[in-house]
Amino acid sequence: MEAPTPRLDATNTPRHTRLHLDDHHELPHPTPGDPGHPLDGDRDAALLEGLESAALAQTLIVGTLGGTVEGRELMPPVPNLIFTRDLAARAGDLLIVGNARKEARRRESAITWAVADHHPLFDGVSKAEISREVRGGSYPLTVEGGDILIISSSLALIGASERTTWSMIVHLADELLDAGFSQVLVVEMPRQRSSMHL
């Protein structure tokens with residue numbers, strides 16, 4: 001099978017040109033502190049800490065200070081946040097927060113953890129310990145919610161895909177069985193973009 005041709009978008013900004021490949025063909029994003037990263041360490045951390053919660057949320061999603069078009073660019077945006085099924089899954093009383101395989105999606109995992117840990121809607125909700133232990137995208141223990149399908153109160157399916165690894169599935173299956181599921185079936189997925197998730 002021939003590898004897909006990468007789709008390339010270039011956006012010119014006053015500071016630099018940002019290139020984005022679809023997430024099958026990623027360019028590494030510099031991290032804070034690296035040369036070329038628009039965040040300026042302590043100064044920008046203080047800016048973020050001083051934002052109201054709504055402005056902070058918009059900043060983390062849009063990537064500009066205050067989340068406005070005119071705001072200073074601090075980081076790349078997270079447009080894939082619209083794929084909410086990838087961020088987490090609910091399995092009975094257990095919340096499984098995703099640990100993204102792709103670097104471009106790891107901020108989404110961090111945002112989801114912030115919501116799961118601090119929003120009153122999730123007070124008292126059990127969170128999968130294995131995803132808590134590796135939060136931040138610790139490969140090879142990666143999982144995305146799109147690979148978890150709850151069939152009934154006793155049966156869960158997990159897709160072994162390019163985004164959810166076998167090593168994570170083994171740990172997660174133990175937790176699902178401890179949480180009351182009697183069966184966890186694994187579906188081996190082709191490692192290609194057209195069958196990304198279960």
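Described below are features of the structure shown in this document. (Residues numbered from 1 in each chain as written. Predicted model: local features only at pLDDT ≥ 70, side-chain atom pairs only at ≥ 80, totals over all residues. Heavy atoms only, no water.)

1. A closer look at the overall build of the chain
No. 1: Across its full length, the chain holds 5 helices and 8 strands.
No. 2: Along its sequence from the N terminus, the chain presents helices and strands in the succession β-β-α-α-β-β-α-β-α-β-β-α-β.
No. 3: Within the chain, the proportion of its 198 residues that are buried is 40%.
No. 4: Across the chain, every contact between residues at least 6 apart in sequence was considered, and the portion connecting residues at least 24 apart equals 57%.
No. 5: By element, 57% of the accessible surface of the chain is carried by carbon and sulfur atoms, the whole surface being about 11,000 Å². (Helix = DSSP H or I, 4+ residues; strand = E, 2+ residues; numbered from the N terminus. Buried < 20%, exposed > 50% of the residue type's maximum accessible area, 1.4 Å probe, protein only. Contact = heavy atoms within 4.5 Å. Areas by Shrake-Rupley, 256 points an atom, 1.4 Å probe, with all protein chains shown as cover.)

2. Quick look at helix α5 (residues 166-178)
No. 1: Given a rise of 1.5 Å per residue, 13 residues ought to cover 18 Å, and the 18 Å separating the end C-alpha atoms of α5 matches this to within 8%.
No. 2: Along α5, the residues classified as buried are M168, I169, L172, A173, E175 and L176. Burial along α5 is one-sided: seen end-on, the buried residues are contained in an arc of 165°.
No. 3: Looking at the buried positions of α5, the neighbouring elements they touch are β3 (88-91), β4 (94-97), α4 (129-133), β6 (148-150), β7 (155-160) and β8 (183-188). (Expected span 1.5 Å × (residues − 1). Arc of directions from axis to C-beta.)

3. With respect to the sheet that holds β6
No. 1: The strand order across the open sheet built from 3 strands is β6-β7-β8, with neighbouring strands paired in mixed fashion. Each edge of the sheet is formed by a strand with only one pairing partner; in this case those strands are β6 and β8. In this sheet, neighbouring strand axes are inclined to one another by 20° on average, regardless of whether the strands run parallel or antiparallel. (Pairing = 2+ DSSP bridges. Axes fitted to C-alpha atoms, helices over the stretch in contact; angles between N-to-C directions.)

4. Side note on the pairing of β7
No. 1: Of all 6 residues in β7, 6 are buried, a share of seventy percent or more.
No. 2: Here β7 shows two buried faces, one formed by L155, L157 and G159 and the other by A156, I158 and A160.
No. 3: What sits between the antiparallel neighbours β6 and β7 is a turn of 4 residues.
No. 4: As paired strands, β7 and β8 are joined by 6 bridges and run parallel to one another. In the sheet register, A156 faces β8, and the bridge partner there is V184.
No. 5: You can see the chain leave β7, run along α5 and come back into β8, and the turn it takes is right-handed. (Right-handed = clockwise from strand over helix to strand, strands pointing away.)

5. Things to note about the layout of surface pockets
Leftover empty space is mapped by rolling, across the atoms, a probe with the size of a water molecule.
No. 1: Here the second largest pocket defines a volume of roughly 300 Å³.
No. 2: Every residue lining the second largest pocket is counted, 15 residues in all, and those nearest its centre are A57, I111, T112, A114 and V115.
No. 3: Of all elements in the fold, only α2 (53-62) and α3 (106-118) reach the threshold of two or more residues within the lining of the second largest pocket.
No. 4: With 6 residues, the top contributor of residues to the lining of the second largest pocket is α3.
No. 5: Per-class residue counts for the lining of the second largest pocket are 11 nonpolar, 3 polar and 1 charged. (1 Å grid on protein atoms, 1.4 Å probe; cavity = no way out; pocket = protein on both sides within 12 Å on 5 of 7 lines; lining within 4 Å. Points joined across faces, edges and corners; volume = space filled by probe spheres on them. Nonpolar A, V, L, I, M, F, W, Y, C, P; charged D, E, K, R; others polar.)

6. Topic: the sheet that holds strand β5 (residues 126-127)
No. 1: The sheet built from 3 strands is open, its strands ordered β3-β4-β5 with mixed pairing. In this open sheet, the two edge strands, each paired with only one partner strand, are β3 and β5.
No. 2: Pairing between β3 and β4: 4 bridges, direction antiparallel. The partner of A88 across the bridge, within β4, is V97.

7. Brief notes about the side chain of T59
No. 1: When you line up the elements, T59 lands in helix α2.
No. 2: If near-sequence neighbours (up to four positions away) are discounted, T59 is found in contact with L48, L51, T64, L65, G66, G67, L74 and M75.

8. Some thoughts on a nonpolar patch on the surface
No. 1: A cluster of nonpolar side chains, contributed by W166, V170 and V186, occupies part of the molecular surface with about 260 Å² of accessible area.
No. 2: With respect to the helices and strands, the residue W166 is situated in helix α5. (Patch = residues over 30% accessible without salt bridge, like charges linked within 9 Å, V, L, I, M, F, W, Y side chains within 5 Å. Salt bridge = Lys/Arg side-chain N within 4 Å of Asp/Glu carboxyl O.)

9. Some thoughts on the environment of T64
No. 1: Relative to the helices and strands, T64 resides in the loop between α2 and β3.
No. 2: Remark: the alpha-carbon pair of T64 and M75, spanning 11 residues in sequence, is separated by 6.9 Å.
No. 3: Not counting residues within four places of it along the chain, the set of residues in contact with T64 comprises T59, G71, R72, E73 and L74.

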